[in-house]
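Structure at a glance
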Amino acid sequence: MELLVLITYDVNTQTAEGRARLRKVAKQCVNYGQRVQNSVFECVMDAAKSRAVKEKLSKIIDQETDSLRFYYLGNHYKNKVEHIGAKEGYDVEAPLIL
């Protein structure tokens, strides 16, 4: 069963190492979902993939200065997400037309 997972992060970018971690976290998140705000990604995935992503991201960040948050919105997420304003996202489950 796939569910919507909202991944948010805050990475300390005061050092070159922090900026590198920020890029690595964002690059990983892009592989699993769509960016909806600067440090917020909506990802549709099953529980196993969610655990794998959490493990990957946890290894990238510095847990003393950075943070990750995972919100599990379930499989009926379309009723739980409301968007107002610019940059409306796309339906990640809709057919992709090339």
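Basis of the calculations
Residues numbered from 1 in each chain as written. Predicted model: local features only at pLDDT ≥ 70, side-chain atom pairs only at ≥ 80, totals over all residues. Heavy atoms only, no water. Helix = DSSP H or I, 4+ residues; strand = E, 2+ residues; numbered from the N terminus. Buried < 20%, exposed > 50% of the residue type's maximum accessible area, 1.4 Å probe, protein only. Contact = heavy atoms within 4.5 Å. Pairing = 2+ DSSP bridges. Core = buried A, V, L, I, M, F, W, Y, C linked by side-chain atoms within 4.5 Å. Axes fitted to C-alpha atoms, helices over the stretch in contact; angles between N-to-C directions. Phe/Tyr/Trp six-rings, centres within 6.5 Å; stacked < 30°, edge-to-face > 60°. Lys NZ or Arg CZ within 6 Å of the ring centre and 35° of its normal.

Now for the environment of Leu57. With respect to the helices and strands, Leu57 occurs in helix α2 (residues 47-60). A residue is classified by how much of its surface remains accessible, and Leu57, at 0% relative accessible area, is buried. Measuring from C-alpha to C-alpha, the distance between Leu57 and Ser67 comes to 9.9 Å, with ten residues separating the pair along the chain. Beyond its immediate stretch of four places on either side in the chain, Leu57 contacts Ile7, Val25, Gln28, Cys29, Leu68 and Phe70.

Pairing analysis gives three bridges linking strand β2 (residues 34-37) to strand β3 (residues 40-45), with the strands arranged antiparallel. Paired with Gln34 across the two strands is Glu42, which belongs to β3. With antiparallel pairing between neighbouring strands as the criterion, β2 and β3 make up a hairpin whose turn holds two residues.

With 17 residues, the main nonpolar core has Ile7, Tyr9, Val25, Cys29 and Leu57 as its most contacted residues. Considering every element that reaches this core, the biggest residue donor is strand β1 (residues 3-10), with four residues. If near-sequence neighbours (up to four positions away) are discounted, Val25 is found in contact with Tyr9, Val11, Leu57, Ile60 and Ile61.

Whenever strands of a sheet pair, they do so through backbone hydrogen bonds, lying parallel or antiparallel. With antiparallel pairing, the four strands of this open sheet are ordered in space as β2-β3-β1-β4. Two strands in the sheet have a free side with no partner beyond their single neighbour: β2 and β4 (67-74). Taking each pair of neighbouring strands and ignoring which way they run, the sheet shows an average axis angle of 30°. Sheet strands in contact with helix α1 (residues 16-30) are β1, β2 and β3, and its direction is about 170° off that of β1. Here α2 sits on the sheet in contact with β1, β3 and β4, set at roughly 170° to β4.

Bringing the environment of Lys54 into the picture now. Structurally, the position occupied by Lys54 is in helix α2. Remark: the alpha-carbon pair of Lys54 and Leu68, spanning 14 residues in sequence, is separated by 8.7 Å. If we skip the residues at most four places from it in the chain, Lys54 touches Phe70 and Tyr72.

Inspection of every chain in the model, using the stated rule, returns one aromatic pair. Pairing Tyr9 with Phe41 gives two aromatic rings, centres 6.3 Å apart and planes at 25°, and the pair type is stacked. Of the two residues, Tyr9 sits in strand β1 while Phe41 sits in strand β3, which places them 32 residues apart along the sequence. Judged by its relative accessible area of 7%, Tyr9 is buried. Owing to a relative accessible area of 0%, Phe41 belongs among the buried residues under this scheme. Seen from the ring of Phe70, Lys54 lies directly overhead, with NZ or CZ sitting 5.6 Å from the centre.

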